Structures are given as C-alpha cells and as structure tokens.
Amino acid sequence: MTDDEIDTSDIPECDDEFFAKAELRMPNDKHSVLLSIDEETYEWFAEQGPDFRFRMNAALKIYADAHR
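Basis of the calculations
- Along each chain, residues carry numbers from 1 onward, in the same order as the chain's sequence is written.
- For this predicted model, a pLDDT threshold of at least 70 governs which residues receive local features, and a threshold of 80 or more governs which side-chain atom pairs are given and counted, while totals over whole chains, interfaces and linings are taken from all residues.
- Excluding hydrogens and water, the side-chain figures rest on all heavy atoms present in the structure.
- Patches in this entry comprise residues that are over 30% relatively accessible and not in a salt bridge; like charges within 9 Å are linked, as are nonpolar side chains (Val, Leu, Ile, Met, Phe, Trp, Tyr) within 5 Å.
- Only the protein chains shown count as covering a residue, and every accessible area follows the Shrake-Rupley method with a 1.4 Å probe.
- A pair is scored as a salt bridge if a Lys or Arg side-chain nitrogen falls within 4 Å of a carboxyl oxygen belonging to Asp or Glu.
- Positive charges come from Lys and Arg alone, negative charges from Asp and Glu alone, with His and the N- and C-terminal ends not counted.
- Charge placement uses NZ in Lys and CZ in Arg. For Asp and Glu, CG and CD serve respectively.
- Strands are runs of DSSP state E lasting at least 2 residues, helices are runs of H or I lasting at least 4, and numbering of each runs from the N terminus.
- Exposure categories follow from relative accessible area, calculated using a 1.4 Å probe and restricted to protein chains: below 20% of the type maximum is buried, above 50% is exposed, and the middle band is partly exposed.
- Residue count minus one, scaled by 1.5 Å, sets the expected span of a helix.
- What the arc covers is the set of directions going from the helix axis to the C-beta atoms.
- When checking whether two residues touch, look at their non-hydrogen atoms; a contact exists if any pair is within 4.5 Å.
- Per residue, pLDDT measures the predictor's confidence, with a range of 0 to 100.
- Put simply, two rings from Phe, Tyr or Trp (the six-membered ring, in Trp's case) pair if the centres are within 6.5 Å, and we call them stacked under 30 degrees between planes, edge-to-face over 60, tilted for the rest.

Undergrad: Is there a simple way to think about a negative patch on the surface in this case?
TA: A cluster of acidic residues, Asp38, Glu39, Glu40, Glu43 and Glu47, forms a negative patch on the protein surface. By the secondary structure assignment, Glu40 is in helix H2 (residues 39–46). Taking the relative accessible area as the measure of exposure, Glu40 reaches 66% and is therefore exposed.

Here you go:
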C-alpha cells in the first residue's frame, strides 16, 4: 500500500493551534538496552538531528502511554 492509497479523510488537519499546544514528553529514568531496529527506521530518526536517540525514546514512550 502506498501513502496515496491510505484514506485519511477522517483525520483532522494538524494546524498551528495543535502544534502550539503540543509538548514533547521525555521520560526521567532510563535503562540502557540493546535494541535491534530496521535500518530504514534508524536512518529516519538519525536524519532528525543529533538528539535523535532522545526522540526515539520519546516516540516509544508516547506509544506505550497510549496503549496502557
């Protein structure tokens, strides 16, 4: 499936107000682990800047919080 084939008609647009209210939630305690991820995912996060490991951690935290 390509991006163009995905129906996003029921998802509201993220406007300036959405991003003004958004906040990056960073966890306090950390554990060092060895994690295998696919190369494409790693490269995408690495392209986001030198703090990409923090962003990866934040993404995992947000996902975990949403599924609790």
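Undergrad: Help me understand helix H3 (residues 52–66) in this model?
TA: Think of an α-helix as 3.6 residues a turn; residues three or four steps apart then line up on the same face. Given a rise of 1.5 Å per residue, 15 residues ought to cover 21 Å, and the 21 Å separating the end C-alpha atoms of H3 matches this to within 8%. Buried within H3 are the following residues: Phe52, Met56 and Ala58. Around the axis of H3, the buried residues are gathered within 160 degrees of arc, so they sit on the same side. In H3, the exposed positions angled more than 90 degrees off the buried face are occupied by Arg53 and Leu60. Against H2 lie the buried residues of H3.

Undergrad: Looking at this structure, how should I read the confidence of the model for the protein chain?
TA: Interpreting fine coordinate detail is not advised for predicted regions of low pLDDT. Looking at the protein chain, the pLDDT average stands at 90 and 99% of residues meet or exceed 70. The element-level mean pLDDT for the protein chain is lowest in helix H1 (residues 16–21), coming to 91, with H2 highest at 96.

Undergrad: Help me understand the packing of aromatic side chains, please; the structure alone is not making it clear to me.
TA: For any pair of aromatic rings, the description rests on two quantities: the centre-to-centre distance and the angle between the ring planes. Within this structure, the stated rule accounts for three aromatic pairs. Between Tyr42 and Phe52, the ring centres sit 5.3 Å apart and the planes meet at 90 degrees, which makes this aromatic pair edge-to-face. On the criterion of sequence distance, the pair formed by Tyr42 in helix H2 and Phe52 in helix H3 is long-range, its members being ten residues apart. The class of Tyr42 is partly exposed, set by a relative accessible area of 35%. Phe52 gets classed as buried once you look at its relative accessible area, which sits at 7%. Centroid distance Trp44 to Phe45: 5.0 Å. Interplanar angle 90 degrees. Geometry classified as edge-to-face. The class of Phe45 is buried, set by a relative accessible area of 15%.

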